[in-house]
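Listed below are the residues making up each chain.
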Amino acid sequence: MSQKDELLERITNRTARVGVIGLGYVGLPLALLFEEAGFPVIGFDVDPAKPEALHRGESYIRHIGAEKVSQAFARGRVVATTDFDRLGECDAVVICVPTPLGKHREPDLSFIRSTVEEVAKTLRSGQLVVLESTTYPGTTREELVPPFEARGLECGTDFFVAFSPEREDPGNPRFHTQNIPKVVGGIDPASQEVATALYGAAVAEVVSVSSPEVAEAAKLFENIFRAVNIALANEMKMVLDRMGVNVWEVIEAARTKPFGFMPFYPGPGLGGHCIPLDPFYLTWKAAEHGTWARFIELAGDINTSMPNYVVDRTAKALNHHGKSLKGSQVLVLGLSYKANIDDDRESPSFEIIEKLREGGATVAYCDPYIPVARPGREHDIGLASVPCSAEEFARHDVLVVSTAHEDFRDPSLYRDVRLVVDTRNLMAPLHLGPEGPEIVQA
């Protein structure tokens, strides 16, 4: 029996051991999904705090409840570890590590490369390795296959390689890892077959494509589509503001068209692990091939400029109230990049806070999902959340709505607030009336 057929048999009878490298917002749900589907699972992470928490039955990701974690680990099919020597025990290894940008918007593949080195150390015949980290077309073929074949094994015969992009939307109650269609592109037909079988045993729908390059490009296209349309909404906001036209009302009117229009909404900038970063993976690769992705670059410039726009609007709003930004007490509402989750990766709130401070303001933040601001790759604001209360809100000269948490939709919070700069249209549905604060859209 060939290596492929043996692996397919183990996948079919659920004895194939699945290793998931990176137990963050992508890897942890995936590890739990394979465990729930009946596979033995080993989760790997360089941070010892994560395996320790998981084995205590604790979840460090808010929308993945502790009950789900404790039940999975109590069944005994899943373990978590920092011991990468155990990768050799796995029949399938799924790589879910970060792919950040460098200082000049160039792709940083250091996490992928270091992980590939670890996998190569224990690579054996019969293993499948799948990359899920978002990256430019060609990464899987260029970065995974050569180091693995250097061990004297042949891809497609001895081992198998594929790319299957992650499609997580933290906090989305409708879509989750199991019911989001899974795109899979194998290096060769045998790799495609075993990777499709693996994911097909755990997710509702597998979408097979002809190559990992197609799968890599599809993931980038998905996020570029959002980034470009959000940039358009942001530009419309800035243009219409000069004309005295409410962009939110314009969007609501436009979305009544039953064809040819899809609503996207402006905001204070882009956040999350994908949309602020992924488009630049394609622009960098395009330049390597002698072409210039001008449309994508322009969208990136608009979106990255939005924190400056928010700070400028805040300064002007304070001036209208007879105050300068310097010396003012500013409260930023929301540190996470989207509503009702605890994910603050690449959140524009960090840059807004830093730029407000540069202007001389005393800045605090309120976010019930993030009680203490964690240091990040580029930002360390050194703050803890203030209470979400009317008394606390009233202490500040201006509130800047950066994240539209449901916790901020209580009208009583704003009874003594004088000024709100609203980047999310949070305040309009509250109908605070003439006795409420002045609302400035930004």
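Residues numbered from 1 in each chain as written. Predicted model: local features only at pLDDT ≥ 70, side-chain atom pairs only at ≥ 80, totals over all residues. Heavy atoms only, no water.

Caption draft 1: Main features of helix α7 (residues 189–200). The end-to-end C-alpha distance of α7, which contains 12 residues, comes to 16 Å, matching closely the 16 Å that a straight helix rising 1.5 Å per residue would cover. The complete set of buried residues in α7 reads A190, S191, Q192, V194, A195, L198 and Y199. (Helix = DSSP H or I, 4+ residues; strand = E, 2+ residues; numbered from the N terminus. Expected span 1.5 Å × (residues − 1). Buried < 20%, exposed > 50% of the residue type's maximum accessible area, 1.4 Å probe, protein only.)

Caption draft 2: Structural context of the sheet that holds strand β7 (residues 182–186). Spatially, eight strands are ordered β3-β2-β1-β4-β5-β6-β7-β8 in an open sheet, and the strand pairing comes out mixed. Two strands in the sheet have a free side with no partner beyond their single neighbour: β3 (78–81) and β8 (206–209). Each strand axis lies, on average, 25 degrees off the axis of its neighbour in the sheet, ignoring direction. Looking at chain direction, strand β5 (residues 128–131) and strand β6 (residues 160–163) are connected through four bridges and run parallel. Along β6, the bridge assignment pairs L128 with F160. (Pairing = 2+ DSSP bridges. Axes fitted to C-alpha atoms, helices over the stretch in contact; angles between N-to-C directions.)

Caption draft 3: Representation of the packing of aromatic side chains within the structure. Taken as a whole, this structure holds nine aromatic pairs when the rule is applied. Ring geometry for F44 versus F84: centroids 5.6 Å apart, planes at 40 degrees, classification tilted. You can see F44 sitting in strand β2 (residues 41–44) and its partner F84 sitting in the loop between β3 and β4 (92–95), a full 40 residues away along the chain. The pair formed by F44 and F84 is uniform in burial state, with each residue classed as buried. (Phe/Tyr/Trp six-rings, centres within 6.5 Å; stacked < 30°, edge-to-face > 60°.)

Caption draft 4: Examining a nonpolar patch on the surface more closely. A contiguous nonpolar patch, built from F221, F225 and M262 and spanning about 340 Å² of accessible area, is present on the exposed surface. Structurally, the position occupied by F225 is in helix α8 (residues 212–243). The class of F225 is partly exposed, set by a relative accessible area of 38%. (Patch = residues over 30% accessible without salt bridge, like charges linked within 9 Å, V, L, I, M, F, W, Y side chains within 5 Å. Areas by Shrake-Rupley, 256 points an atom, 1.4 Å probe, with all protein chains shown as cover. Salt bridge = Lys/Arg side-chain N within 4 Å of Asp/Glu carboxyl O.)

Caption draft 5: Broad picture of the state of the cysteines. Evaluated as defined, the whole model comprises zero disulfides. C90 forms no disulfide, and the closest cysteine sulfur to it belongs to C96, at a distance of 13 Å. Judged by its relative accessible area of 0%, C90 falls in the buried class. Summary of cysteine pairing: C388 is not part of a disulfide, and the nearest cysteine sulfur, belonging to C366, is at 4.2 Å. On the basis of relative accessibility, which here comes to 32%, the residue C388 falls in the partly exposed class. (Disulfide = S-S within 2.5 Å.)

Caption draft 6: Quick look at the pairing of β8. Where β7 lies against β8, four bridges are found, and the strand directions are parallel. Along β8, the bridge assignment pairs V183 with V207. Handedness of the β7-α7-β8 crossover: right-handed. (Right-handed = clockwise from strand over helix to strand, strands pointing away.)

Caption draft 7: Summary view of the packing of helix α1 (residues 3–12) against α7. The interhelical angle for the contact between α1 and α7, taken along N-to-C directions, is 10 degrees, at an axis separation of 9 Å. Between α1 and α7, the angle is such that the two are roughly parallel. On the side of α1, the interface is formed by K4, L7, L8 and I11, while α7 contributes A190, E193, V194, A197 and L198. Residues that form the contact of α1 with α7 fall into these classes: seven nonpolar, no polar and two charged. (Parallel < 35°, antiparallel > 145°, perpendicular 65-115°, else oblique. Contact = heavy atoms within 4.5 Å. Nonpolar A, V, L, I, M, F, W, Y, C, P; charged D, E, K, R; others polar.)

That is the geometry; function is a separate question.
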